[in-house]
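# Results of the structural survey
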Amino acid sequence: MELFSYFLNNIPNILEKTWQHFYLFLISWSIAVVTGIFIGVISTRPGKEKIGRFVLSITGATQAVPSTAVIALVFIFMGIGALPAMFALFIYSLVPITFNTASGLMNVSPDMKEAAMGMGMTKTQILFKVELPTSIPAIASGIRTAAVINIGTAAVAAIIGAGGLGEIIFIGLRLMDVSRIFAGALPVALLALAVDALLALLEKKIMSDGLLLSKEN
Amino acid sequence: MQIRLDNLTKEYDNGAFKAVDGISLTLEQSKLTVLIGPSGCGKTTTLKMINRLIERTGGDILFDEKSIDDMDRIQLRRKIGYAIQNIGLFIHMSVFDNIAVVPRLLKWPEQKIKNRVEELLELVNLDPGVNMYKYPAQLSGGQKQRIGVARSLAADPDVILMDEPFGAIDPINREKLQDAFIEIQEKIKKTIIFVTHDIREAIKLGDKIVIMDNGHIVQYDDTINVVNQPENEFVESLLGSDRALKGLEMLRVKDNYIKDFVSINAEEVKTVGTALEYIQKKEKSYAYVVGKKGILLGYCTTERLKKRDKHDDLNENVKKTESVQPYSNLMEAIITMVESGLTSCPVVNSKDQLLGIIRFKTLVDIMSSFEKSEE
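For clarity, every value in this text was computed on a predicted model and none was experimentally measured. (Residues numbered from 1 in each chain as written. Chains lettered and ligands numbered in written order. Predicted model: local features only at pLDDT ≥ 70, side-chain atom pairs only at ≥ 80, totals over all residues.)

If you tally the helices and strands in chain A, you get 10 helices and 0 strands. From first element to last, N terminus to C terminus, chain A shows the α and β order α-α-α-α-α-α-α-α-α-α. Here chain A holds 217 residues, and 38% of them are scored as buried. If you take every contact in chain A between residues at least 6 apart in sequence, the share linking residues at least 24 apart comes to 75%. (Helix = DSSP H or I, 4+ residues; strand = E, 2+ residues; numbered from the N terminus. Buried ≥ 20, exposed ≤ 12 C-beta atoms within 10 Å, placed from the backbone. Contact = placed C-beta atoms within 7 Å.)

Tallying secondary structure elements over chain B gives 16 helices and 15 strands in all. Once the C-alpha set of chain B is aligned to its principal axes, its extents read approximately 85 × 55 × 30 Å. Relative to its 375 residues, chain B shows a buried fraction of 42%. Nonlocal contacts in chain B, meaning residues at least 24 apart in sequence, comprise 65% of its contacts between residues at least 6 apart.

Our next topic: the environment of L139(B). Residue and element names in this part refer to chain B. Among the structural elements, L139 can be located in the loop between α6 (128-131) and α7 (141-153). Counting along the chain gives 44 residues from L139 to V95, while the straight-line C-alpha distance between them is 9.4 Å. Excluding residues within four positions of it along the chain, L139 makes contact with K134, K144 and I147.

Here we take up the interface of chain A and chain B. Contacts between the two partners involve 21 residues from chain A and, on the opposite side, 22 residues from chain B. Breaking the side of chain A that touches chain B down by element, the ones donating at least two residues are α6 (110-118), α7 (123-156) and α10 (209-216) of chain A. The element contributing the most residues to the side of chain A that touches chain B is α6(A), with 6 residues. Partitioned by chemical class, the residues of the side of chain A that touches chain B number 9 nonpolar, 9 polar and 3 charged. (Nonpolar A, V, L, I, M, F, W, Y, C, P; charged D, E, K, R; others polar.)

Once that is clear, we can look at helix α2 (residues 11-42) of chain A. All names here are of chain A. The terminal C-alpha atoms of α2 lie 45 Å apart, and with 32 residues this matches the ideal 46 Å at 1.5 Å per residue to within 8%. Every buried residue of α2 is listed here: I14, K17, H21, L24, F25, S28, W29, A32, G36, I37 and G40. Elements in contact with the buried residues of α2: α1 (5-9), α5 (82-106), α7, α8 (165-175) and α9 (178-206). (Expected span 1.5 Å × (residues − 1).)

With that out of the way, let us pick up the sheet that holds strand β7 (residues 159-163) of chain B. Residue and element names in this part refer to chain B. Taken in spatial order, the 6 strands of this open sheet run β6-β7-β8-β3-β9-β10, and their pairing is mixed. What marks the edges here is a single partner per strand, and that holds for β6 (80-84) and β10 (216-222). Between one strand axis and the next, the sheet turns through 15° on average, direction left out of account. Across 5 bridges, β6 lies against β7 in parallel orientation. Within β7, the residue paired with I84 across the bridge is D163. Packed onto the sheet, α7 meets β6 and β7 and runs at close to 165° relative to β6. (Pairing = 2+ DSSP bridges. Axes fitted to C-alpha atoms, helices over the stretch in contact; angles between N-to-C directions.)

All names here are of chain B. If you trace the 3 strands from one edge of the open sheet to the other, you get β11-β12-β13, paired in mixed fashion. Across the chains shown, the open sheet's two edge strands, defined by having one partner strand only, are β11 (263-265) and β13 (296-301). Strand-to-strand twist across the sheet, computed as the mean angle between neighbouring axes with direction ignored, equals 30°.

Bringing the environment of E316(B) into the picture now. Residues and elements named next belong to chain B. Mapped onto the fold, E316 is located in the loop between α14 (302-306) and α15 (330-340). Given 9 C-beta atoms within a 10 Å radius, E316 is considered exposed. Separated by 48 residues in sequence, E316 and V364 have C-alpha atoms that sit 33 Å apart.

The next subject is the nonpolar core. Counting residues in each nonpolar core, the largest one holds 155 residues, and the members touching the most others are L89(A), A157(A), V34(B), A150(B), L161(B) and V289(B). Sort the elements by how many residues they give to this core and α5(A) lands first, with 12 residues. Apart from residues lying up to four places away in sequence, V289(B) is in contact with S263(B), I264(B), A266(B), L297(B), G298(B), Y299(B), C300(B) and V318(B). (Core = buried A, V, L, I, M, F, W, Y, C linked by C-beta atoms within 7 Å.)

Residues and elements named next belong to chain A. In the contact formed by α6 and α7, the axes pass within 11 Å of each other and the chain directions differ by 165°. As the angle between them shows, α6 and α7 are arranged roughly antiparallel. Between α6 and α7 lies a crossing of right-handed hand. Residue-level contacts link M112, K113, A116 and M117 of α6 to I126, V130 and T134 of α7. Along the lines of polarity and charge, the residues of the contact of α6 with α7 split into 5 nonpolar, 1 polar and 1 charged. (Parallel < 35°, antiparallel > 145°, perpendicular 65-115°, else oblique. Left-handed = near helix turned anticlockwise from the far one by under 90°.)

Moving on, we get to the packing of α8(A) against α9(A). Residue and element names in this part refer to chain A. At their nearest, the axes of α8 and α9 sit 7 Å apart, and the two run at 155° to each other. Taken together, the axis directions place α8 and α9 in an arrangement best described as roughly antiparallel. As for how α8 packs across α9, the hand of that crossing is left-handed. Along the contact surface, α8 presents L165, G166, I168, I169, I171, G172, L173 and L175, while α9 presents R180, I181, A183, G184, A185, P187 and V188. The class makeup of the residues in the contact of α8 with α9 is 11 nonpolar, 3 polar and 1 charged.

All names here are of chain B. Here β7 lies mainly inside the structure; 5 of its 5 residues are buried. The alternating pattern of β7 places V159, L161 and D163 on one face and I160 and M162 on the opposite face, and all of these are buried. Across 5 bridges, the pairing between β7 and strand β8 (residues 191-196) is parallel. When the sheet's bridge partners are listed, M162 is paired in β8 with F194.

Residues with a pLDDT of 70 or more make up 99% of chain B, whose mean pLDDT is 88. Per the prediction output, this complex has pTM 0.79; the corresponding ipTM is 0.84. (pLDDT = per-residue confidence, 0-100.)

All names here are of chain B. For D64, which is not glycine, the phi torsion reads 45° and is therefore positive. Overall, the presence of 10 C-beta atoms within 10 Å leaves D64 in the exposed class. Positioned with a positive phi, N125 is a non-glycine residue whose angle comes to about 65°.

The following block contains the structure:
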């Protein structure tokens, strides 16, 4: 019970920090989803294969940069506060989403695209009726990865004064107060799990059964 | 719709390479024209220029004498059916949605689309009730190919382009699909342009054949004329040394079988004795036996009947045999004869009712007419 003492005695505070945390995540991640899919789509349009491959290698390499490094860099250029933190989170979430969108779109079977074109679909129709729907598994996994990483990294962003659950964890670290660290870490984990579960559900809802079946084969 | 290619050319690298080098020909309405030749001969390029998946660099393509330039590329493609070797079914769409793509692009009312999809599935011999809402991943290779064909027919186009549509299928299923496809074309009579590299397929399916090499037309003629009078050595080598046999593939059983033959109705003739007497009276050595509604049961030979007691049951002395259908080709008939060892082969309809027989002698006569032209 020792472990839960801080948690149980500070529920309003923890709820507030959780909300802050969620807010940091939601804003930065949502913008990253839109931007990432957009870059992924733009860089894979026919005739832009070179740009597509470039985006893939850049985003592929960037995924290896540690989250603290991104936060540190943003701090150097933008200072402290929630806004720089959100910017860092945005950049960090952008990478897996862009990477997965581009690689998903590049892997759409050329036969399907040729058939679609030969049947008289416009480029926009091919994108929305064929390419994006068949790339949903790849795009969704990028979005989910980004969400989980984002929520985790948002805790680190407390270093640059972003607020959120990271604050509780860092204070706990300084005071060597395990109960405090736990009270900050537990909601972070729960939040990540909840968001991931929700997104998984959403993915299942919008993805065609046909894709699931063809993956099994 | 009549399609005329006028000095059609496709150059790459500013004329350094000519994939298609000024070909002119008129594709006949309601006929299936096969484009054939070795890889790199320009057949697929020619096909894809017709729906502008590849843009030509010279000459013109005219639909009923109207230049392809005067038509909107997207609208043109919606009016031309298109089927490709790897089918390219949309894996995230059901069979229904796959077939409905072009009708939906053309904004047909949903009820009309539904009727059309059902009609097409029946045409390609797939039960709509069972298959309509399946996904491509749940279908066999042959079924996918049929859906690919159905999809190319969806909006009832006048012209259909097919790029080796049966190329990715194993030989046995390919034969079946080809047979089914011949029957479909008999019904729909579309202008079809069909690319293949398989000369047997070309002879079997084509009303007319265009033989191409190095971007040029080597010969363009009715299939029978190509087989009978190859233009030059290139065409001869493409046809192969067994072209007399291959020639049998383009001829249908329906045009060559006879309805005048000896058969025994097992409903009336019950004993070996009566059957034997009947066959001998007709001076034959065997006869086909039919049952209720004229359904083919098999055949019996006098040789075998003679060894039996004349009061024996005829049914126990009937030997089963393979049969062919009117849309089978003569090659299939000859194979059936070789297997049964008989000098004829029974012809039945889809309900297995005996329609007639095709005689070995007829086949020999046809082959020798090919042989003669070869000399």
